[in-house]
Amino acid sequence: MIDLRALRDDPERLRASQRARGEDPSVADRLLELDSGRRAALTRFETLRAEQKSVGKSVSKASAEEREELLARAKSLSAEVKEAEAEAGRLGDELNAALARVPNLVQEGAPEGGVDDFRVMETVGTPREFDFTPRDHLELGEMLGAIDMERGAKVSGARFYFLTGVGAQLELALLNMAMNQAVEAGFTPMIPPVLVKPETMEGTGFLGEHSDEIYHLPADDLYLVGTSEVPLAGYHSAEILPADDLPNRYIGWSPCFRREAGSYGKDTRGIIRVHQFNKVEMFVYAHPDTADEEHLRLLAWEREMLDKLELPYRVVDIAGGDLGTSAARKYDCEAWVPTQETYRELTSTSNCTDFQARRLNVRFRGEDGKPRFAATLNGTLATTRWIVAILENHQREDGSVVVPEALRPYLGRDVIEPVTPPRKG
């Protein structure tokens with residue numbers, strides 16, 4: 001959640017952030033009203049309690065005539081103290097609930113607007129010009145014996161699939177390559193749980209307006225994660241980290257689950273938008289003063305992976321209205337998909353500042369010895385979706401796919417050959 005003291009000092013900062021997200025800026029005034037009311041109620045409670053203690057001490061020293069009056073006042077004060085305490089508690093609960101619904105402050109410099117208002121920061125590589133009609137990733141995947149959507153739907157329903165044969169090997173090769181790159185960069189490898197408690201999911205900011213995207217198991221009151229960011233964010237919850245250890249960098253490999261609610265009719269063909277996929281995710285606990293620099297480092301590591309896979313891509317700065325609840329700033333890398341003649345997101349890296357750490361109570365000791373909330377950041381290093389870009393960009397006319405050189409040691413082959421002949425016409 002946001003810093004309440006910072007809100008008191010500069011409420012316009014929240015108003016500007018809300019406008020950048022396309023949300024109601026008056027929430028700042030409502031929070032200040034609740035905060036003021038709560039503090040006034042606390043002051044009244046503390047004043048009455050102090051008087052109650054004073055009257056209580058006076059009773060034993062009072063004369064018989066005074067004692068009766070003091071006892072009556074003590075009884076009255078007892079009721080007033082309970083009433084003031086209850087009011088302070090009620091306003092405190094209301095304030096905390098309102099704070100929990102407020103998204104992170106959008107970082108100054110991020111574009112304003114919605115999903116289509118991103119800013120292109122850089123374009124890398126040139127989309128390939130084919131001297132034949134390129135096939136899409138699903139047709140290629142079927143020819144290569146790599147993707148089976150039909151049996152995925154038979155077994156589990158729409159937006160499920162099997163990666164078969166070389167498809168399964170390709171995903172393992174890709175994710176292993178990403179893990180190795182991160183480990184070489186100093187990340188600690190993690191295979192986290194993919195079922196988490198409500199407080200962990202809530203703490204990362206995923207149970208707000210997009211909670212309908214998440215699978216919930218009511219019998220156990222556990223949630224399936226859509227990214228290993230969630231368990232990794234909860235890994236150090238309620239802890240005080242040694243400042244000398246920052247940044248703490250983790251690289252998590254996990255299956256991910258998303259309901260894709262609201263995506264009816266979108267990307268129904270192939271494995272671009274599915275309910276289950278694998279992902280390698282970077283997660284960092286950092287000093288708040290160095291979070292911006294760490295964010296750029298995560299972006300650089302993502303770009304390193306894309307460069308190794310010889311994919312044309314662009315880097316975009318996401319607009320405030322398209323940021324998730326926890327993100328203050330987000331950069332995406334979008335790879336060119338030839339058959340769609342457009343760029344599609346492959347990676348995202350978000351700077352969540354101290355928003356998640358406040359909710360999960362992750363702190364470190366500053367130079368003055370006092371605990372401070374850490375900053376948290378995340379970034380995608382590889383997912384199942386990358387197979388789409390690899391197959392389409394590196395395909396040949398006969399349906400075979402040239403394996404990018406950096407990936408060959410992990411896959412054990414230079415070319416993926418079709419197992420079924422190409423369709424004619």
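Residues numbered from 1 in each chain as written. Predicted model: local features only at pLDDT ≥ 70, side-chain atom pairs only at ≥ 80, totals over all residues. Heavy atoms only, no water.

Undergrad: Help me understand the sheet that holds strand β15 (residues 371–373), please; the structure alone is not making it clear to me.
TA: Adjacent strands of a sheet pair through backbone hydrogen bonds, lying either parallel or antiparallel. Across the sheet, which stays open at both edges, the 3 strands sit in the order β8-β14-β15 with mixed pairing between neighbours. Each end of this open sheet is capped by a strand with a single partner; those strands are β8 (239–241) and β15. For this sheet the average axis-to-axis angle between neighbouring strands, irrespective of direction, equals 40°. As paired strands, strand β14 (residues 362–365) and β15 are joined by 3 bridges and run antiparallel to one another. Bridging from a neighbouring strand, R363 pairs with F373 of β15. (Pairing = 2+ DSSP bridges. Helix = DSSP H or I, 4+ residues; strand = E, 2+ residues; numbered from the N terminus. Axes fitted to C-alpha atoms, helices over the stretch in contact; angles between N-to-C directions.)

Undergrad: Sorry, what's going on with the sheet that holds strand β5 (residues 195–196) here?
TA: Pairing in this open sheet of 3 strands is antiparallel, and the strands run β5-β7-β6 from one edge to the other. At either margin of the open sheet sits one strand with a lone partner, and together these are β5 and β6 (216–217). In this sheet, strand β7 (residues 222–224) lies alongside β6 in antiparallel orientation, the contact comprising 2 bridges. When the sheet's bridge partners are listed, H216 is paired in β7 with Y223.

Undergrad: Even after reading the chapter, I still don't get the packing of helix α7 (residues 166–184) against helix α10 (residues 291–308), so can you show me in this structure?
TA: Taken N-terminus to C-terminus, the directions of α7 and α10 make an angle of 135°; their axes are 11 Å apart at the nearest point. Relative to α10, the element α7 is oriented oblique. α10 is crossed by α7, and the crossing has right-handed handedness. Taken together, the residues of α10 that come into contact with α7 (itself represented by L174, M177, A178 and Q181) are W301, E304, M305 and K308. For the contact of α7 with α10, the per-class residue count stands at 5 nonpolar, 1 polar and 2 charged. (Parallel < 35°, antiparallel > 145°, perpendicular 65-115°, else oblique. Left-handed = near helix turned anticlockwise from the far one by under 90°. Contact = heavy atoms within 4.5 Å. Nonpolar A, V, L, I, M, F, W, Y, C, P; charged D, E, K, R; others polar.)

Undergrad: Would you take a moment to explain a negative patch on the surface for this structure?
TA: Together, D131, E397, D398 and E417 make up a region of like negative charge exposed at the surface. Within the element layout of this structure, E417 appears in the segment after β18 (415–416). (Patch = residues over 30% accessible without salt bridge, like charges linked within 9 Å, V, L, I, M, F, W, Y side chains within 5 Å. Areas by Shrake-Rupley, 256 points an atom, 1.4 Å probe, with all protein chains shown as cover. Salt bridge = Lys/Arg side-chain N within 4 Å of Asp/Glu carboxyl O. Lys, Arg positive; Asp, Glu negative; His and termini not counted. Charge placed at Lys NZ, Arg CZ, Asp CG, Glu CD.)

Undergrad: Would you take a moment to explain the nonpolar core for this structure?
TA: Generally speaking, soluble globular proteins have nonpolar side chains that are buried together. By size, the foremost hydrophobic cluster in this structure holds 60 residues, and its most contacted members are M305, L309 and L381. Top element by residues in this core is α7. It accounts for 9 residues. When sequence neighbours within four positions are dropped, the list of residues in contact with L309 reads L174, M177, W386, I390, H394, P404 and L407. Core analysis: the next-biggest nonpolar cluster, separate from the first, contains 16 residues, I2, L4, A88 and F355 among them. (Core = buried A, V, L, I, M, F, W, Y, C linked by side-chain atoms within 4.5 Å. Buried < 20%, exposed > 50% of the residue type's maximum accessible area, 1.4 Å probe, protein only.)

Undergrad: Looking at this structure, I do not really get the environment of A375. What am I missing?
TA: Within the secondary structure layout, A375 lies in strand β16 (residues 375–383). Sequence-wise, A375 and A357 are 18 residues apart; in three dimensions their C-alpha atoms are separated by 6.5 Å. Beyond its immediate sequence surroundings of up to four residues, A375 is in contact with V284, Y285, A286, H287, P288, A291, T353 and D354.

Undergrad: What is the right way to read unusual backbone geometry from this model?
TA: Most peptide bonds take the trans form, and the phi angle of most residues other than glycine is negative. With an omega of 0°, the peptide bond running from L246 to P247 counts as cis. For P247, the location among the structural elements is in the loop between β8 and β9 (248–257). Notably, E310 is not glycine yet its phi reads approximately 55°, a positive angle. Counting through the fold element by element, E310 comes out in the loop between α10 and β11 (313–317). Exposure remark for E310: the relative accessible area of 44% places this residue in the partly exposed category.

Undergrad: Could you clarify how one ought to interpret helix α6 (residues 149–156) in this entry?
TA: If you check the start of α6, you find a side-chain oxygen 3.3 Å away from the backbone N of E150, and it comes from D148. Within two residues after α6, G157 carries a phi angle of roughly 110°, on the positive side. (Polar contact = N/O pair within 3.5 Å; in protein donor to acceptor, adjacent residues only side chain to side chain.)

Undergrad: What am I meant to see in the packing of α7 against helix α12 (residues 386–393) here?
TA: Packed helix pairs are characterised by how far apart their axes lie and by the angle those axes make with each other. With their axes 11 Å apart at the nearest point, α7 and α12 run at an angle of 110° to one another. Classified by the angle their axes make, α7 and α12 are roughly perpendicular. Once α7 is placed against α12, the crossing between them reads as right-handed. Contact residues: G167, L170, E171 and L174 in α7; W386, I387, I390 and L391 in α12.

Undergrad: Just checking my understanding: could you explain the packing of aromatic side chains for this structure?
TA: Each aromatic ring pair is summarised here by two numbers: the centre-to-centre distance and the angle between the ring planes. Under the counting rule described, the total for this entry stands at 6 aromatic pairs. Consider the rings of Y250 and Y285, whose centres lie 6.2 Å apart with planes at 85°: the pair is edge-to-face. Placement of the pair is Y250 in strand β9 and Y285 in strand β10 (residues 276–286), with a sequence separation of 35 residues. Pair check on accessibility: Y250 and Y285 agree, each one buried. Ring geometry for F283 and Y285: centres 5.2 Å apart, planes at 75°, overall edge-to-face. Judged on exposure class, the residue F283 and its partner Y285 are both buried. (Phe/Tyr/Trp six-rings, centres within 6.5 Å; stacked < 30°, edge-to-face > 60°.)

Undergrad: Can you walk me through the pairing of β10 in this structure?
TA: For a regular strand, side chains alternate in direction, first toward one face of the sheet and then toward the other. In terms of residue burial, β10 counts as a mostly covered element, since 9 of its 11 residues are buried. By the bridge criterion, 10 bridges tie β9 to β10 in an arrangement that is antiparallel. The residue bridging P255 from the neighbouring strand is N278, located in β10. As paired strands, β10 and β16 are joined by 8 bridges and run antiparallel to one another. For E281, the partnering residue across the bridge sits in β16 and is T380.

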